[in-house]
Amino acid sequence: LDFRQAFGSCAGRYCVLDIGFGMGDALLEIAAARPLWNFVGIEWHRPSLGHCLQQIHERGLTNVRLMAGNAQKILQHHSVIGTWD
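This is a predicted model, so every value here is computed, not measured.

Enquirer: Run through the overall build of the protein, naming residues and quoting values.
Expert: Scanning the protein from terminus to terminus reveals four helices and three strands. Counted from the first residue to the last, the protein has its helices and strands arranged as α-β-α-β-α-β-α. Every one of the 85 residues in the protein was classed for burial, and the buried ones make up 29%. Residue pairs in contact within the protein that sit at least 24 positions apart in sequence constitute 67% of those at least 6 positions apart.

Enquirer: Quick rundown of helix α2 (residues 25-33)? Include the residues and the values.
Expert: Those residues of α2 that sit buried are L27, L28 and A31. Axial view of α2: buried residues confined to an arc of 90°, hence all on one face. Exposed positions of α2 whose direction lies more than 90 degrees from the buried face are A26 and A33. Tucked inside the fold, the buried residues of α2 contact β1 (15-19), β2 (38-43), α3 (46-59) and β3 (64-68).

Enquirer: Let's hear about the packing of aromatic side chains: which residues, and what values?
Expert: Aromatic ring pairs are described here by two measures, namely the spacing of the ring centres and the angle between the planes. This structure, assessed with the given rule, holds two aromatic pairs. Put simply, the rings of Y14, W37 and F39 pair up and form one aromatic cluster. A cation over a ring is seen here: R34 above W37, with NZ or CZ 4.7 Å from the ring centre.

Enquirer: Quick rundown of the side chain of N63? Include the residues and the values.
Expert: With respect to the helices and strands, the residue N63 is situated in the loop between α3 and β3. Assessed through its relative accessible area of 4%, N63 is described here as buried. Engagement of the side chain of N63 in a polar contact is seen with the backbone oxygen of A31, the distance being 3.1 Å. Every residue in contact with N63, bar those within four places of it in the chain, is listed here: F7, A31, R34, P35, W37, N38 and F39.

Enquirer: Can you break down the pattern of salt bridges residue by residue, with the values?
Expert: Evaluated as defined, the whole model comprises one salt bridge. Across the pair R59 and E29 runs a salt bridge whose closest N-O atoms are separated by 3.2 Å. With R59 in helix α3 and E29 in helix α2, the pair connects residues that are 30 residues apart, well separated along the chain. Relative accessible area serves as the criterion here: at 35%, R59 is assigned to the partly exposed category.

Conventions we followed
Residues numbered from 1 in each chain as written. Predicted model: local features only at pLDDT ≥ 70, side-chain atom pairs only at ≥ 80, totals over all residues. Heavy atoms only, no water. Helix = DSSP H or I, 4+ residues; strand = E, 2+ residues; numbered from the N terminus. Buried < 20%, exposed > 50% of the residue type's maximum accessible area, 1.4 Å probe, protein only. Contact = heavy atoms within 4.5 Å. Arc of directions from axis to C-beta. Phe/Tyr/Trp six-rings, centres within 6.5 Å; stacked < 30°, edge-to-face > 60°. Lys NZ or Arg CZ within 6 Å of the ring centre and 35° of its normal. Polar contact = N/O pair within 3.5 Å; in protein donor to acceptor, adjacent residues only side chain to side chain. Salt bridge = Lys/Arg side-chain N within 4 Å of Asp/Glu carboxyl O.

Written out as structure tokens, the structure is:
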């Protein structure tokens, strides 16, 4: 995962990974409450992704990024050692 590309100048902030966020309600509530943290959500269910993207836009959240697909495969192919605590 390229955090500099995903989050720009905010790439060095604390980052939370949410696997299987469902409709994203909890993810977005926490992201709104922690604007100085970055959040990455991974979900395979397309309608949930669409709902969450719409909510991100409506709430004006700039600290949330989403990835679509199987979390295990995504993390095997895109994770950087030492990226996650």
